Amino acid sequence: MFNFGAARAAVQAEGVYIGGWSIKQALVANNAERTSTSDEGVDKAQDRVEQVNTLIDWEVAEERALVRKLDLRVLLPCCIVYFLAYLDRANMGFVGVLQAETPDSFSESLDLHGIEFNWSLVSLDLPADAKKVTALLIPSNLLMKKVSGKRYFPCIMVLFGLVVMCISAVKNNAGLLAARFMLGIPEAGVVPASIMYFSFWYKPSERAWRIGIFHAANALASGVGGFIAVGVDKLNGSGGLESWRWLFIIEGAMAIVMSVPVYFLLLTFPETTTVLNERERHIAINRFGRGATRYTDVTWDTRTFVQIFTRPSTYVFFVSYICLLIVAVALGTFLPIILKNFAGFSSKESNSYTAGIYFVAIPCYAIWSWHSDHTRERMWHYLLPVFGAIPCFAVWTYVAAHESFGNIKPISLYGVAFLGNLVSIAQPAALSYRSSTLYGAAEQAVGGASAVAALSIASIIGPQIFAVTTKPWYLPGFTTSCATLAFTFVGFSSLPVWLLLEARQRKKKTGHAMPLRALEDALHAQVSEAVLEQEQMAAAMEVKQPLDEEAAHVEHMHLEERERKM
């Protein structure tokens, strides 16, 4: 009889992470003996995976001090980049209500009609859609690996800052579409390149919290953007410009100015940085196990590209993540407009109330993602927020279907929006899970980009579900949100099964559960000689041990371990 737990343990013993569905682990970390230098009393599965073929010759305090320094030199500047990039994505919702129903409004100034405003949102993501993912998203990761994040991120900040400022000069819908299309080119690589950049510096068990803080930057941008929009609205008519033009000028200039401190903060790679001392570099390089992303890895490998896109898990994750992001993008873009047209709040109230939701989301990102790292659990940290968001759209669907508030007050409709925004805090766990199942720089570049391509596709679909022609009730948008959330719940739940099947197939075909490209890269890593020797011995033994025999051996070891504890 097939034993999923034993089969999973067997492939995880080779450094391949599978994951699972333990609700207990999602809520409370196991009180196991310490197996990681990063935490205590945690589940051992992911720790065992990321410590395969590592030799720890440093103190826990040393590694923690290094990680704190990385948070300042890696996490903080990436958050600044994402904050400034997301200001533009969020401000399209805010400019839609500035000087509303006056000649100086965004739509009136550019003579926009029908769904032309919706397509102006879509045009930002057309450069990164599914047909062009190999033209922008993957090369952005390859370029970042080639020149390092220290040079890549400041350059794209200057580029998207200039384009944002140019949007203030558009005169009609055609100019707006062209400018937004061009803006999508430098912004396309912000998220995938950042996630890949994190994989050079942070272990899989450390990434969810960092990705959560990273995503909190977009919540901060949405919140701050609302207040900036309220303040900039008072500049309407200054210098002969409408307030929405001033908004683009100010936010574009912010990105250009901040590119300078971001350059001096960022690091290159653990193997090449001169900011860390020799001891810190030793820890930064050797604390990663087999399959880690390294500077010495091959940057591009055609075989890896083909393998990524022939794995079922790639498409299961992609479709599931798209379904989540359709709702997240639509809500993030249209929430001020929904509050104004659907709930009946004023322009100022809509912007301010929207800002309040995103400010509340900031600590939620941090706490929920920290808990995901603490428990070493990803599945339920994705599914529970999805489940919690459904009541928001169910209530809105009920009201829209009856075209009446009934006994429901507008402020109550606003209140459930806090539940709807839970879809956002599910994203860090999803990206951390995906990043943990990609091995080596070549896989991170291709697989990470294909995962984040879901954001681009969702950014095309999302704005369309709340079409201007369906206001003020937006019934199609609310029902679509309920359906896609249900679908992502089912799809994402199946990922461990697909990941295990793929690992077992690789084991039968090559003798290794780990992809061969990652094993070849591991032999060229700048780690200690003892680690290299250990890697060579482990690879040789894996080929000799059949999969079922290995699973039985691992299960027997676990039984002996439990007997010793009794």
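Rules used throughout
Residues numbered from 1 in each chain as written. Predicted model: local features only at pLDDT ≥ 70, side-chain atom pairs only at ≥ 80, totals over all residues. Heavy atoms only, no water. Helix = DSSP H or I, 4+ residues; strand = E, 2+ residues; numbered from the N terminus. Buried < 20%, exposed > 50% of the residue type's maximum accessible area, 1.4 Å probe, protein only. Areas by Shrake-Rupley, 256 points an atom, 1.4 Å probe, with all protein chains shown as cover. Polar contact = N/O pair within 3.5 Å; in protein donor to acceptor, adjacent residues only side chain to side chain. Contact = heavy atoms within 4.5 Å. Phe/Tyr/Trp six-rings, centres within 6.5 Å; stacked < 30°, edge-to-face > 60°. Lys NZ or Arg CZ within 6 Å of the ring centre and 35° of its normal. pLDDT = per-residue confidence, 0-100. Expected span 1.5 Å × (residues − 1). Bend = angle between axes of the 7 residues up to and from the residue. Axes fitted to C-alpha atoms, helices over the stretch in contact; angles between N-to-C directions. Parallel < 35°, antiparallel > 145°, perpendicular 65-115°, else oblique. Left-handed = near helix turned anticlockwise from the far one by under 90°.

A. Structural detail: the overall build of the protein. Secondary structure assignment for the protein yields 27 helices and zero strands. The buried share among the 566 residues of the protein stands at 60%. If you sum the accessible surface of the protein, you get close to 21,600 Å²; carbon and sulfur atoms cover 64% of it.

B. Focus on the side chain of threonine 268. With respect to the secondary-structure elements, threonine 268 resides in the loop between helix H12 (243-265) and helix H13 (278-286). The buried category is assigned to threonine 268, whose relative accessible area is 14%. Among the polar contacts made by the side chain of threonine 268, one reaches the main-chain amide nitrogen of threonine 273 at a distance of 3.3 Å. Filtering out sequence-adjacent residues up to four positions away, threonine 268 remains in contact with Ser148, Lys150, Arg151, Tyr197, Trp201 and Thr273.

C. Quick peek at the packing of aromatic side chains. Inspection of every chain in the model, using the stated rule, returns 34 aromatic pairs. Where tryptophan 300 meets phenylalanine 305, the ring centres are 5.5 Å apart and the plane angle is 45°; that geometry is what we call tilted. Overall, tryptophan 300 belongs to the partly exposed group, its relative accessible area being 38%. Its relative accessible area of 23% is what places phenylalanine 305 among the partly exposed residues. Among the aromatic side chains, those forming a connected cluster through ring pairs are Phe334, Phe342, Phe393, Trp396, Phe405, Phe466, Trp473, Tyr474 and Phe478. For lysine 150, the ring lying beneath its charged end belongs to tyrosine 263, and the centroid distance is 4.5 Å. Of note, arginine 287 hangs over the ring of phenylalanine 288, and the distance from its end group to the ring centre comes to 5.4 Å.

D. A look at the confidence of the model for the protein. In the predicted model, the protein carries a mean pLDDT of 85, and the fraction of residues at 70 or more is 87%. Overall, residues 32-43 carries pLDDT values under 50, and its contacts beyond four positions in sequence, including any with other chains, amount to 43 contacts. Note that residues 125-134 has pLDDT below 50 and, in this model, 26 contacts with residues that lie over four places away or in other chains.

E. Just helix H15 (residues 312-341), in detail. The end-to-end C-alpha distance of H15 is 42 Å, a good match for the 44 Å that 30 residues give at a rise of 1.5 Å each. Along its length, H15 shows its largest kink, about 65°, at phenylalanine 334, and proline proline 336 lies within four residues downstream of that point. Burial within H15 is extensive, with 25 of its 30 residues counted as buried.

F. Region of interest: the packing of helix H11 (residues 204-232) against helix H21 (residues 427-436). The contact between H11 and H21 brings their axes to 8 Å, and the two run at 140°. Classified by the angle between their axes, H11 and H21 sit oblique to one another. As for the relative orientation of H11 and H21, their crossing is right-handed in sense. Residues Pro204, Arg207, Ala208, Ile211, Gly212 and His215 of H11 form the contact with H21, whose own contacting residues are Gln427, Pro428, Leu431, Ser432, Ser435 and Ser436.

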